[in-house]
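For reference, the chains in residue letters:
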Amino acid sequence: MFGFFKDKFNNLKQTVSNTAQALVGSVTQAAGEEEKFSEFVLDEMEDRLISADLGVGYAAELVDKLRNQTKIKPSDVKNYLKEEFSTALKNAGNTAINYREGLNIYFICGVNGVGKTTLIGKLAYKFKNSGKKVLIAAGDTFRAAAEEQLDIWSKRAGADIVRRDKADPASVVYEAIDKAKAENYDIILVDTAGRLQNKFNLMEELKKIKSVIDKKAPDALRECMLVLDANTGQNGLQQAKVFSEAVNLTSVALTKLDGSAKGAIVLAVAKDLKLPVKLIGVGEKMEDLKEFNPDEFIEALF
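Cut-offs and rules
Residues numbered from 1 in each chain as written. Predicted model: local features only at pLDDT ≥ 70, side-chain atom pairs only at ≥ 80, totals over all residues. Heavy atoms only, no water. Core = buried A, V, L, I, M, F, W, Y, C linked by side-chain atoms within 4.5 Å. Buried < 20%, exposed > 50% of the residue type's maximum accessible area, 1.4 Å probe, protein only. Helix = DSSP H or I, 4+ residues; strand = E, 2+ residues; numbered from the N terminus. Pairing = 2+ DSSP bridges. Axes fitted to C-alpha atoms, helices over the stretch in contact; angles between N-to-C directions. Contact = heavy atoms within 4.5 Å.

A. Inspection of the nonpolar core at higher detail. Ranked by internal contacts, the top residues of the largest apolar core, which has 111 residues, are Leu-23, Met-45, Phe-85 and Leu-189. Here this core takes 7 residues from helix H11 (residues 265-273), the largest share from any one element.

B. Broad picture of the pairing of strand E4 (residues 187-191). Of all 5 residues in E4, 5 are buried; the element is thus mostly enclosed. As paired strands, strand E1 (residues 104-109) and E4 are joined by 5 bridges and run parallel to one another. By the bridge assignment for E4, Ile-105 is matched with Ile-188. The pairing of strand E2 (residues 134-138) with E4 spans 5 bridges and is parallel. Following the sheet pairing, Ala-138 is matched in E4 by Asp-191.

C. How the structure looks around the sheet that holds E1. Taken in spatial order, the 8 strands line up as E3-E2-E4-E1-E5-E6-E7-E8 in an open sheet, and their pairing is mixed. Both outer strands of the open sheet, strand E3 (160-162) and strand E8 (289-291), are each paired with one neighbouring strand and no more. Looking at each pair of strands side by side, their axes are set apart by 25 degrees on average, direction ignored. Where helix H6 (residues 116-129) meets the sheet, it contacts E1, E2, E4, strand E5 (221-229), strand E6 (251-255), strand E7 (277-281) and E8, and its direction lies at approximately 175 degrees from that of E4. Against the sheet, helix H7 (residues 144-157) makes contact with E2, E3 and E4, and its axis sits at roughly 175 degrees relative to E2, the strand it touches most.

D. Quick peek at the environment of Tyr-58. Among the secondary structure elements, Tyr-58 is positioned in helix H4 (residues 56-64). The exposure class of Tyr-58 is buried, given its relative accessible area of 3%. The sequence separation of Tyr-58 and Val-242 amounts to 184 residues, and the corresponding C-alpha distance is 20 Å. When residues no more than four places from it in sequence are discounted, the contact partners of Tyr-58 are Glu-84, Phe-85, Ala-88, Leu-267 and Lys-271.

E. Summary view of unusual backbone geometry. With a phi close to 75 degrees, Asp-53 is a non-glycine residue in the positive phi region. Structurally, Asp-53 can be placed in the loop between helix H3 (39-51) and H4. On the accessibility criterion, Asp-53 (8% relative accessible area) is buried. Of note, the phi angle at Asn-68 is positive, near 50 degrees, even though the residue is not glycine. Residue position: Asn-68 is located in the loop between H4 and helix H5 (77-91).

Note that every value here comes from positions in space, so none of it alone points to a role or purpose.
Written as structure tokens, this is what we have:
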């Protein structure tokens, strides 16, 4: 695991308190203290799991396991959920950011408005703070505001940037890889467009960037990371499926987790997409990007 993510997350419990109430508190409440599960109680639990944004399929699966069994009583529901959620997170894979000596490329994608640019700026800042030489490739070339914003973030983080307004995004990434190799950079953070209105064009663009990376630096791609806004809930899963079609996603970063009651999306992503959440954004400050720790997350939820 790379050392720059060793910062302790002190207020995680506070950050996920709304999610904890929606997901654990309300479902445990529905189960009550009865001797055995009635259909009414099971239906009520399922409804509450769904409204906490766990997803219909996952909610149904959890409740179905409680039907026709006698070992778990309604009063054990909290422990049952804790074990099930822990298993889902573990099965999704390692949550540590991949990093090796030499050039490391991080391909960041997601729809517009999820906080992708901000996440790249904060990630650049973390890498810089750990003594790495960081280059940002401004691959969202059609949205002038995106490049301006990225430029501001790169300056704040102390990172360098390659940007060419209105240029072909793949050519910007091509240029960034050349520069990184010539000047011994450790990190390239690749920003990409997120226009879902024309899905076909976006997918082609992402595939093109990916093929440039595969050709120019075949061993350097460390993460294809999807950025999701915690507040989008189940919509986030639909977005993830679209991006999975274009690039082979390896992980998820979740922004705006602070104050969201829809943090169950962490579990839905792990369960449905088999993708580990690796980063969580919990505020506006440079330091408010944290490594996701499944055990700490579960403890804070329960």
